[in-house]
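Here are the chains, one letter per residue:
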Amino acid sequence: MIKRCPQHGFFRGEHCECGLAGQLILDEAKTEQLGRLVAGGLRHFPHDLGLEMDSQGWVDLSKLEDVVQRRHRWASRDQVLALAQSDPKQRYEISNQRIRARYGHSIDIELDHPESHHSLLYYGASEEEADRILEIGLKSASQRYVHLSTTPGKAWEVAGYRTGNPRVIQVDADLARGEGVKMMTVNDDIVISEKVPAQFLCILSTKDIPRPVENRQD
Ligand SMILES: [Zn+2]
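In this text, all values refer to a predicted model and were calculated from it rather than measured experimentally. Sequence order as written defines the numbering, with residues in each chain counted from 1. Where totals are concerned, whole chains, interfaces and linings use all residues; where local detail is concerned, this predicted model gives features only for residues with pLDDT of at least 70, and gives and counts side-chain atom pairs only at 80 or more. Calculated side-chain values reflect all of the structure's heavy atoms, with hydrogen atoms and water omitted.

Peer 1: How should the confidence of the model for the protein chain be read in this particular structure?
Peer 2: It should be kept in mind that the predicted coordinates are not to be read in detail where pLDDT is low. Every residue is assigned a pLDDT by the predictor, reflecting its confidence on a scale from 0 to 100. Here the protein chain averages 92 in pLDDT, while 96% of its residues score no lower than 70. Only DSSP runs of H or I reaching four residues or more are called helices, and only runs of E reaching two or more are called strands; each is numbered from the N terminus. Within the protein chain, the lowest mean pLDDT, 91, falls on helix α5 (residues 152-160), and the highest, 97, falls on strand β6 (residues 98-101).

Peer 1: In this structure, what is going on with the pattern of salt bridges? I would like to understand it.
Peer 2: Side-chain pairing between opposite charges can occur once the charged atoms of the two side chains come close. Note on definitions: salt bridges are taken to be side-chain nitrogens of Lys or Arg within 4 Å of carboxyl oxygens of Asp or Glu. Under the counting rule described, the total for this entry stands at 15 salt bridges. We note a salt bridge from Arg 102 to Glu 93, for which the minimum N-O separation is 3.5 Å. With a 1.4 Å probe rolled over the protein chains alone, any residue whose accessible area is under 20% of its type maximum counts as buried; one over 50% counts as exposed, and the rest are partly exposed. Given a relative accessible area of 15%, Arg 102 falls into the buried group. In this structure, Asp 112 and Arg 100 form a salt bridge, with 2.8 Å as the shortest nitrogen-oxygen distance.

Peer 1: Which parts of the structure should I look at to understand the coordination of the zinc ion?
Peer 2: Working reference: metal with six octahedral donors, ideal angles 90 or 180 degrees; metal with four tetrahedral donors, ideal angle 109.5 degrees. Surrounding the zinc ion are the protein donor atoms Cys 5 (SG), His 8 (ND1), Cys 16 (SG) and Cys 18 (SG), at 2.1 to 2.3 Å. With four donor atoms in place around the zinc ion and angles of 102 to 114° between them, the coordination shape is tetrahedral. Each metal's donors are the N, O and S atoms within 2.8 Å of it, or within 3.2 Å when it is Na, K or Ca, and because water is not part of the set, sites may look incomplete. Between consecutive donors of the zinc ion, the numbers of intervening residues give the motif C-x2-H-x7-C-x1-C. Judged by its relative accessible area of 39%, Cys 18 falls in the partly exposed class. Labels for metal geometry use angle windows, namely 85 to 135 degrees for all angles of a four-donor tetrahedral site, and for square planar (four donors) or octahedral (six donors) sites opposite donors over 155 degrees apart plus all others within 65 to 115; sites meeting none of these are irregular.

Pasting the structure below:
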């Protein structure tokens with residue numbers, strides 16, 4: 001659920017960090033509905049919704065609000081802003097009355113986030129996927145960019161949602177960038193990258209992956 005604190009703006013959950021209960025803006029179900037529509041429009045099918053998108057993925061905020069209101073009569077301007085500004089994964093960026101998804105696009109756009117300066121980056125995969133990736137390189141089948149994690153623990157966690165036995169691939173990001181692979185920082189956890197050739201990849205030994213305590217099985 002999304003609420004608004006009179007002092008700190010939109011937040012997710014029952015209480016703002018300051019302790020205030022705030023005013024309800026979107027309940028759980030509407031957050032989910034609105035979230036799917038906005039993510040779909042900004043990442044996958046802007047044209048189906050009649051949204052004009054520029055080559056960096058931006059659309060007019062007011063146009064998006066029109067689209068949202070046409071689909072959901074209960075939706076307001078404020079709710080679109082609330083959704084975008086409180087997103088826990090920083091999925092969205094708002095600037096000059098325009099909005100875009102920061103990552104996760106399946107459509108062909110050119111993002112212009114700051115260049116990543118991480119020396120090493122990580123990608124979590126199942127055992128089978130990992131074998132294949134080490135042979136042919138790292139590339140997303142469905143998305144414009146491949147999403148890398150900034151720590152081995154994060155990569156392990158991400159892959160853990162899909163497979164019971166995650167493998168973590170280490171990317172020599174310094175070398176790859178030196179060879180012209182474009183990598184951009186999206187937030188503290190995520191770097192997006194063009195295809196990474198196999199020569200910059202290696203598998204990380206399980207014992208080198210610091211896992212979140214609750215997932216530790218040994
Ligand atoms: Zn507050």
